Amino acid sequence: MRVETTLQAERALDNILSCSTDIYGKETIKKFYSNLKLYRHLLANNPLMGIEERDFSNAIFTYRSVVIHPLFKVIYTIKDNVLYIADIWDTRRDPELLRKRLE
């Protein structure tokens, strides 16, 4: 399965990488990015491995998520044999904000 990244997810990743380097250090960010690449590959081969997000039961798409780091999860959806990474979400944030971002 092909994996695409939405603009929202790219922005989130840029923000995480730029802001978190100062806080957590380069090695931690390298591990995070390595995990992200690993899960991207795993999701391409096993697209249903993530849990279905119940917070989006009224959404047009079915969103799924997989935790790639204790503080971050990848939110994705599948359409026409393409897995779209919709967002990379900081799990400490209010879920209502995520719902608004993905509407």
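The coordinates are above.
Small disclaimer: the values here were computed from a predicted structure and weren't measured.

*Asks:* Kindly report on the overall build of the protein chain, identifying the contributing residues and their values.
*Replies:* Assigned secondary structure in the protein chain consists of three helices and five strands. Starting at the N terminus and ending at the C terminus, the protein chain contains elements arranged as β-α-α-β-β-β-β-α. Over its C-alpha atoms the protein chain spans a radius of gyration of 13 Å, differing by no more than 12% from the 13 Å that the globule rule assigns to 103 residues. When the backbone C-alpha atoms are referred to their principal axes, the protein chain occupies close to 35 × 30 × 20 Å. Within the protein chain, the proportion of its 103 residues that are buried is 35%. Counting contacts in the protein chain only where the partners sit at least 6 residues apart, residues at least 24 apart contribute 43% of the total. In the form shown here, the protein chain has an accessible surface area of approximately 6,600 Å², with 50% of it arising from carbon and sulfur atoms. The protein chain carries 16 positive and 14 negative side-chain charges, and their two centres are separated by 4 Å.

*Asks:* Can you break down the sheet that holds strand E1 (residues 2–5) residue by residue, with the values?
*Replies:* For sheets, the rule is that strands pair by backbone hydrogen bonds, running either parallel or antiparallel. Sheet architecture is open: five strands sit in the order E1-E5-E4-E3-E2, paired in mixed fashion. In this open sheet, the two edge strands, each paired with only one partner strand, are E1 and strand E2 (51–52). Across the sheet, helix H1 (residues 7–24) touches E1, strand E4 (72–79) and strand E5 (82–90), and the angle it forms with E5 is around 40 degrees. Helix H2 (residues 26–45) rests against E1, strand E3 (63–69), E4 and E5 of the sheet, and its axis sits at about 145 degrees to E3.

*Asks:* Outline the pattern of salt bridges, supporting the account with residue identities and numerical values.
*Replies:* Summed over the entire model, instances satisfying the criterion amount to five salt bridges. Across the pair Arg64 and Glu52 runs a salt bridge whose closest N-O atoms are separated by 3.9 Å. Separated by 12 residues along the polypeptide, Arg64 in strand E3 and Glu52 in strand E2 bring together distant segments of the chain. Take Arg64: its relative accessible area is 15%, and that puts it in the buried class. You can call Glu52 partly exposed: its relative accessible area is 49%.

*Asks:* Pulling in residues and values, what's your account of the side chain of Thr77?
*Replies:* Within the secondary structure, Thr77 sits in strand E4. At 2.9 Å, the side chain of Thr77 and the backbone oxygen of Thr62 are in polar contact. Setting aside residues no more than four positions away along its own chain, Thr77 makes contact with Phe61, Thr62, Tyr63, Val82, Leu83 and Tyr84.

*Asks:* Account for the side chain of Arg64, with residues named and values stated.
*Replies:* From its side chain, Arg64 meets the backbone oxygen of Gly50 in a polar contact 2.7 Å long. In contact with Arg64, not counting residues within four places along its chain, are Pro47, Leu48, Gly50, Ile51, Glu52, Glu53, Val74, Ile75 and Tyr76.

*Asks:* So, H1: which residues are in play, and what are the values?
*Replies:* For H1, with 18 residues, the first-to-last C-alpha span of 25 Å sits near the 26 Å given by 1.5 Å per residue. Restricting attention to buried positions, one finds in H1 the residues Ala9, Ala12, Leu13, Ile16 and Ser20. Residues of H1 that are buried sit in contact with E1, H2, E4, E5 and helix H3 (95–101). Positive phi appears at Gly25, one or two residues downstream of H1, with a value of about 100 degrees.

How each quantity is defined
- Residue positions are given per chain, counted from 1 along the sequence in the order it is written.
- The predicted nature of this model means local features are confined to residues of pLDDT at least 70 and side-chain atom pairs, given and counted, to a pLDDT of 80 or more, with totals for whole chains, interfaces and linings taken over all residues.
- As a convention, hydrogens and water are excluded, and side-chain values are obtained from all of the structure's heavy atoms.
- The secondary structure listing takes helices from DSSP runs of H or I that are at least 4 residues long and strands from runs of E that are at least 2 residues long, numbered from the N terminus.
- Atoms considered for the radius of gyration are the C-alpha atoms alone. The globule rule reads 2.2 Å times the number of residues to the power 0.38.
- Exposure is judged per residue with a 1.4 Å probe applied to protein chains only, and the accessible area is read against the type maximum: over 50% gives exposed, under 20% gives buried, and values in between give partly exposed.
- Contacts: residue pairs with any heavy atoms within 4.5 Å of one another.
- All accessibility values rest on the Shrake-Rupley procedure with a 1.4 Å probe; residue burial counts only the protein chains present in the view.
- Note that His is not counted, nor are the chain ends; the positive residues are Lys and Arg, and the negative ones are Asp and Glu.
- Taken as the charge location is NZ of Lys, CZ of Arg, CG of Asp or CD of Glu.
- DSSP bridges decide pairing: two strands pair if at least two such bridges lie between them.
- All axes are obtained by fitting lines to C-alpha atoms, using only the stretch in contact for helices, and the reported angles, taken between N-to-C directions, cover 0 to 180 degrees.
- A pairing counts as a salt bridge when a side-chain nitrogen of Lys or Arg comes within 4 Å of a carboxyl oxygen of Asp or Glu.
- Under the rule applied, a polar contact is a pair of N or O atoms within 3.5 Å (in protein, one hydrogen donor and one hydrogen acceptor; residues adjacent in sequence only if both atoms are side-chain atoms).
- Between the first and last residue of a helix there are one fewer steps than residues, each counted as 1.5 Å, and that sum is the expected span.

Bear in mind that shape data such as this cannot, by itself, settle questions of function.
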